[in-house]
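# Structural overview
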Amino acid sequence: MAQTNIQIEEETVQSGDRWIWGIYIALCLLSVVESYAALSQVVGKQGLYIPLLKHCGLLGFGFLILWVTQRLHYTKFIFFIKVFAVLVLISVVSVQWVGSTINGAQRVIQLPGFTLQPAELAKLAIATIIPLIVSRNQISNGVTMKGAIIAVTVVCAYAAFLLGQGLTNTLLLMFTSVVIMWVGGIKVRQLVMVFAVYLVFGMGYYMIMKNNQNKQRRAEIEQLASSGADVSELQAYDDDDANPGRSSTWTNRIERWKTNHDSLVYMPKTAKNEQEMYAHMAQAHGGICGVGPGNSRECSRLPLAFSDYIYSIIVEETGLIGGLFVMILYLWLLIRAGLIASRCARAFPALLIMGMAVMITFQALVHMAINTGLFPVSGQSLPLISEGGTSVLVVSAAFGIMLSVSRHASQNTIDKMKKKDLENLPKEEQAPNPMQIIINNEQ
């Protein structure tokens, strides 16, 4: 029996975790099939196969990133993580001035032949730099206060510029950091401190943006009044379309969701609720078993069916069964990452693989919750399935990191792998895995 276990461990070293490979391949196949249907809105402009070929090419480039990443020993990521975090923060800041506006906010940087979304890069940056910070500040009974403060400061630095680009991305970023710190053994009082800082930061940002918005509105009223125009025109001013901090966008969406999401089916269709309405129609049309791949009725009417609302198309074509299958794929990725993390001898690889899995899984769950009406409307792609350049590459890199950890760090039953880990890890990264400590104490 022991010989069989060692053989399985050695096979995993060569190829990486087979379950993670299987989930990645399954998501890529789903992406190709569903994108073919969901991209029907752009077929009239670009032809039948060009959008699909572009998406397949992007998935191929993502697979190349995954293949290179999973072949590297995870210790080689340490230097890159630091550089990447700094470069991403610069891009998040610079998009405020050089970025292009999409859906009312400056979110992307236009590059030759490619659109870069710093918010997607920021998720990967936080999911890698926070494990590095927490692992370097491990003590016998948890995480040092210094480590918790550094981690919170880094997250708030990113959030300060990300909030203007989208609330949901910022909340996902904060949530990922909290889960990593919790897995890293942070104490309850430190966790309360983290939540308090995030809450105060969010409220302060909201008040500042609201104040700026009020100043802008007063200036517009004064300008109209000085020109002799009727200032009553501003009574119909729509803050959901133009505002400096998007605070009204968040408020209006939440209020609309609280008031109307239960009675959406009885409401007349408007420009503001057509996404929710068509998404619900698509899911209702799918029923239990779906209408079959390529037979979606709503894909040509549902705005952003190929990105923010692709889960609705999946449910329409594959039914409730297909929708549950997709959800289980992401949840199993998180479970599998947790199992691998529990087998790591050191804190850094355990926290690193958990950071990747949490980033992917909870973004997927938020996407599904938005599509089904559990959360207010917000732009959030379905990892690896939705069409989108930066997101596909980021998620592919995250899968590569998870496979690298599964190949090189989770073989703690083999003595030679333990020794190699200690030789490759810098001294400050050799803190024992807190998950292993909990398991050993329970035993």
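Residues numbered from 1 in each chain as written. Predicted model: local features only at pLDDT ≥ 70, side-chain atom pairs only at ≥ 80, totals over all residues. Heavy atoms only, no water.

Once that is clear, we can look at the overall build of the chain. Along its length, the chain carries 16 helices and 5 strands. In the chain, which comprises 443 residues, the proportion classed as buried is 52%. A separation of at least 24 residues holds for 75% of the contacts in the chain among residues at least 6 apart in sequence. Total accessible area on the chain stands at roughly 20500 Å², and carbon and sulfur atoms take up 65% of it. (Helix = DSSP H or I, 4+ residues; strand = E, 2+ residues; numbered from the N terminus. Buried < 20%, exposed > 50% of the residue type's maximum accessible area, 1.4 Å probe, protein only. Contact = heavy atoms within 4.5 Å. Areas by Shrake-Rupley, 256 points an atom, 1.4 Å probe, with all protein chains shown as cover.)

The next subject is a nonpolar patch on the surface. Taken together, the side chains of Phe 61, Phe 63, Leu 64, Trp 67, Val 68 and Leu 72 make up a nonpolar region of the molecular surface, amounting to roughly 550 Å² of accessible area. Tracing the sequence through the fold places Val 68 in helix H4 (residues 50-71). (Patch = residues over 30% accessible without salt bridge, like charges linked within 9 Å, V, L, I, M, F, W, Y side chains within 5 Å. Salt bridge = Lys/Arg side-chain N within 4 Å of Asp/Glu carboxyl O.)

Okay, the packing of aromatic side chains next. Counted by the stated rule, this structure contains 9 aromatic pairs. With 6.3 Å between their ring centres and 55 degrees between their planes, Trp 21 and Phe 63 make a pair best called tilted. Of this pair, Trp 21 sits in helix H2 (residues 18-38) while Phe 63 sits in helix H4, and the two are 42 residues apart along the sequence. Take Trp 21: its relative accessible area is 15%, and that puts it in the buried class. Considering the side-chain rings of Tyr 74 and Phe 348, the 6.1 Å spacing of their centres and the 35 degrees angle between planes classify their relative orientation as tilted. With a gap of 274 residues between them, Tyr 74 in the loop between H4 and helix H5 (77-98) and Phe 348 in helix H13 (residues 347-372) connect regions that are remote in the sequence. (Phe/Tyr/Trp six-rings, centres within 6.5 Å; stacked < 30°, edge-to-face > 60°.)

The next thing to look at is the pattern of salt bridges. A side chain of one charge can pair with a side chain of the opposite charge if their charged atoms are brought near each other. According to the stated counting rule, one finds 2 salt bridges in the structure shown. For Arg 336, the salt bridge identified is with Asp 17, shortest N-O distance 2.7 Å. One end of the pair, Arg 336, is in helix H12 (residues 310-342); the other, Asp 17, is in the loop between helix H1 (2-15) and H2, and 319 residues separate them in sequence. For the pair formed by Arg 336 and Asp 17, the shared burial category is buried.

Time to look at the side chain of Gln 380. Along the chain, the position of Gln 380 falls in the loop between H13 and helix H14 (389-408). In this structure Gln 380 comes out as buried when scored by relative accessible area, which is 1%. Looking at Gln 380, its side chain comes within polar contact range of the side chain of Asn 169, at 3.1 Å. Setting aside chain neighbours within four positions, we find Gln 380 in contact with Lys 123, Thr 168, Asn 169, Leu 172, Ser 307, Asp 308, Gln 363, Val 366, His 367 and Ile 370. (Polar contact = N/O pair within 3.5 Å; in protein donor to acceptor, adjacent residues only side chain to side chain.)

Two elements in contact, helix H6 (residues 118-136) and helix H8 (residues 167-183), have axes separated by 9 Å at closest approach and are oriented at 20 degrees. With respect to H8, the element H6 is oriented roughly parallel. Read as a crossing pair, H6 and H8 show a hand that is right-handed. Residue-level inspection shows Ala 119, Glu 120, Ala 122, Lys 123, Ile 126, Ala 127, Ile 130, Pro 131 and Val 134 of H6 in contact with H8, the latter providing Asn 169, Leu 172, Leu 173, Thr 176, Ser 177, Ile 180 and Met 181. (Axes fitted to C-alpha atoms, helices over the stretch in contact; angles between N-to-C directions. Parallel < 35°, antiparallel > 145°, perpendicular 65-115°, else oblique. Left-handed = near helix turned anticlockwise from the far one by under 90°.)

Moving on to the nonpolar core. Residues Ile 130, Leu 382 and Phe 399 are the most contacted members of the largest nonpolar core, which totals 99 residues. Broken down by element, this core gets its largest block of residues, 13 residues, from H13. Core analysis: the next-biggest nonpolar cluster, separate from the first, contains 11 residues, Leu 302, Ile 313, Ile 370 and Val 377 among them. (Core = buried A, V, L, I, M, F, W, Y, C linked by side-chain atoms within 4.5 Å.)

For the rest of this paragraph, the subject is the packing of H8 against H13. Between H8 and H13, whose axes approach to 9 Å, the crossing angle comes to 145 degrees. Of the two possible hands of crossing, H8 and H13 adopt the one that is right-handed. Of the residues in H13, those in contact with Thr 168, Leu 172, Phe 175, Thr 176, Val 179, Ile 180 and Val 183 of H8 are Leu 351, Met 354, Gly 355, Val 358, Met 359, Phe 362, Gln 363 and Val 366. Of the residues in the contact of H8 with H13, the class split is 11 nonpolar, 4 polar and no charged. (Nonpolar A, V, L, I, M, F, W, Y, C, P; charged D, E, K, R; others polar.)

What follows concerns unusual backbone geometry. Notably, Leu 384 is not glycine yet its phi reads approximately 75 degrees, a positive angle. For Leu 384, the position within the fold is in the loop between H13 and H14.

What follows covers the state of the cysteines. Inspection of every chain in the model, using the stated rule, returns 0 disulfides. Residue Cys 28 stays outside any disulfide, its sulfur separated by 9.8 Å from that of Cys 56, the closest cysteine. (Disulfide = S-S within 2.5 Å.)

Now for the confidence of the model for the chain. Per-residue confidence for the chain averages 79 on the pLDDT scale, and 72% of its residues sit at or above 70. Confidence over residues 1-12 falls short of pLDDT 50; this stretch has 13 contacts with residues more than four positions distant or in other chains. In this model residues 233-245 is a low-confidence stretch, pLDDT under 50, and it forms 27 contacts with partners more than four residues away in sequence or in other chains. (pLDDT = per-residue confidence, 0-100.)

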